Amino acid sequence: MAKRLVLGTLGLLLGACAPTAQAPAVVPVRATDFKSSEIRQPVVFVQVAFGAGQYEDKERRAIPEEYEGALLEGLNARAVLTKEVRVSVGGRDATLDAALARARALGADHAIFVEVRLARGVAAFCKESRRSAFQAQATLWAQRAEVARASDGAVRLRLTSSPTLAVYDLDADCDNPRDSRRRSPAEAAAELVNRLLARLFGP
């Protein structure tokens, strides 16, 4: 059965990840001479932030662990040897500058900083089909990433928050909305990581 997911409210829920009205818009960047093969032994820092919505304490503990597990598995599957992988919740200990400092200390070639932000609310699905369009409570997992060269801090790749990098925890069935299923945190994290690593290293 064909499934199509239309992220009708993605722009609204991604608002927390976007720059403020006073800040300049961030445009996706890829250095003209950048190749994914340059990333051999990076340091990876991930910051997880919980945005709109209510989250139980067990979710706040489990979700970063699920993302870290999926990330380590995905990097291993792509034979990417990391110097260090660090996942933090909120705070300021996980930033691109911190990742660069750690990369230099460990002799890594690149620093990768990823921000994962969750937003929970009512979202619209299957808007392309008037018959099957519906709204439901869902959690959006959005992410952005930057890759910087450790030697000089030059940003080689910047991925901004976008539908192609985001995942809803509701797997919408547009042929029969009642058959839509809820993704577990492990499933959502795995899909989110797969989308990120496909952009960083290829399918």
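Small disclaimer: the values here were computed from a predicted structure and weren't measured.

Participant: Where do I start with the overall build of the chain in this structure?
Facilitator: Along the chain, the regular secondary structure elements total four helices and nine strands. Secondary structure elements of the chain occur, N-terminal to C-terminal, as α-β-β-α-β-α-β-β-β-β-β-β-α. Counting only carbon and sulfur atoms, one obtains 49% of the accessible surface of the chain, whose full area is about 10500 Å².

Participant: When you look at the packing of helix H2 (residues 57–77) against helix H4 (residues 185–201) in this model, what are you seeing that I'm missing?
Facilitator: Two numbers describe a pair of packed helices, the interaxial angle and the distance between the axes. Remark: H2 packs on H4, axes separated minimally by 8 Å, with the N-to-C direction vectors making an angle of 40°. One element, H2, and the other, H4, form an angle in the oblique class. For the element pair H2 and H4, the recorded crossing hand is right-handed. Between H2, through Ile63, Glu66, Tyr67, Ala70, Leu71, Gly74 and Leu75, and H4, the contact on the second element is made entirely by Pro185, Ala186, Ala189, Ala190, Leu192, Val193, Leu196, Leu197 and Phe201. Residue composition of the contact of H2 with H4, by class: 14 nonpolar, one polar and one charged.

Participant: For this particular structure, what's the right way to read H4?
Facilitator: For an α-helix, 3.6 residues make a turn, and residues three or four places apart therefore share a direction. Here H4 contains 17 residues, and its C-alpha end-to-end distance of 24 Å stays within 8% of the 24 Å for a straight helix at 1.5 Å per residue. Along H4, the positions that sit buried rather than exposed are Ala188, Ala189, Leu192, Val193, Leu196, Leu197, Leu200 and Phe201. Viewed end-on, H4 has its buried residues packed into an arc of 165°, placing them on one side of the element. Those residues of H4 that are buried lie in contact with H2, strand E4 (110–125), strand E5 (134–149), strand E6 (155–159) and strand E7 (167–168). Looking one or two places after H4, you find Gly202, whose phi comes out positive at around 95°.

Participant: When you look at unusual backbone geometry in this model, what are you seeing that I'm missing?
Facilitator: Note: most residues except glycine have negative phi, and most peptide bonds are trans. The backbone of Ala79 sits at a positive phi, close to 60°, despite the residue not being glycine. Within the secondary structure layout, Ala79 lies in the loop between H2 and strand E3 (84–89).

Participant: Help me understand the state of the cysteines, please; the structure alone is not making it clear to me.
Facilitator: By definition, a disulfide links two cysteine residues through a covalent bond between their sulfur atoms. Using the criterion set out here, one finds one disulfide in the structure. Across the disulfide, Cys126 is cross-linked to Cys174 (sulfur-sulfur distance 2.0 Å). Taking the sign of the S-S torsion, about -85° here, the bridge from Cys126 to Cys174 comes out left-handed. With Cys126 in the loop between E4 and E5 and Cys174 in the loop between strand E8 (170–171) and strand E9 (181–182), this residue pair connects regions lying 48 residues apart in the sequence. The pair Cys126 / Cys174 is uniform in exposure class, with both members buried.

Participant: Explain the nonpolar core here, please?
Facilitator: Side chains of nonpolar character tend, in soluble globular proteins, to be buried together. Membership of the largest hydrophobic core comes to 35 residues, with the highest contact counts inside it found for Val46, Tyr67, Leu71 and Leu200. Ignoring sequence-local partners within four residues, the contact set of Leu200 consists of Ser36, Ile112, Val147, Leu157 and Leu159. One finds Cys126, Ala142, Ala166 and Cys174 within the second-largest nonpolar core, a separate group that totals 13 residues.

Here is what the cut-offs are and how they apply
Going along each chain's sequence as written, the residues are numbered from 1 onward. Totals for whole chains, interfaces and linings use every residue, but because this is a predicted model, local features are given only for residues with pLDDT of at least 70 and side-chain atom pairs only at 80 or more, for both listing and counting. The side-chain numbers reported here are obtained from all heavy atoms of the structure, hydrogens and water having been left aside. Comment: elements are numbered from the N terminus, with helices defined as DSSP H or I runs of at least four residues and strands as E runs of at least two. Accessible areas in this description were obtained via Shrake-Rupley with a 1.4 Å probe; residue shielding takes into account the shown protein chains only. Helix axes are fitted to C-alpha atoms over the stretch in contact, other axes to C-alpha atoms as well, and angles between N-to-C directions run from 0 to 180 degrees. Small angles under 35 degrees read as roughly parallel and large ones over 145 as roughly antiparallel, with 65 to 115 read as roughly perpendicular and the rest as oblique. In this scheme the crossing of two helices becomes right-handed for a clockwise turn of the near helix relative to the far one and left-handed for an anticlockwise turn of less than a right angle. Contact between two residues is taken to exist if any of their heavy atoms lie within 4.5 Å; hydrogens are not considered. In this count, Pro and Cys sit with the nonpolar residues alongside Ala, Val, Leu, Ile, Met, Phe, Trp and Tyr, while Asp, Glu, Lys and Arg are called charged and the others, Gly among them, polar. Multiplying 1.5 Å by the residue count of a helix minus one yields the expected span of that helix. Only protein chains enter the calculation, and the probe is 1.4 Å; a residue is then buried if its accessible area is under 20% of its type maximum, exposed if over 50%, and partly exposed in between. Summarising the geometry, the arc corresponds to the directions from the helix axis toward the C-beta atoms. Throughout, disulfides are identified as pairs of cysteine sulfur atoms within 2.5 Å of each other. For our purposes a nonpolar core is just a set of buried Ala, Val, Leu, Ile, Met, Phe, Trp, Tyr and Cys residues, chained together by side-chain atoms within 4.5 Å.

Taken by themselves, the reported measurements are silent on function.
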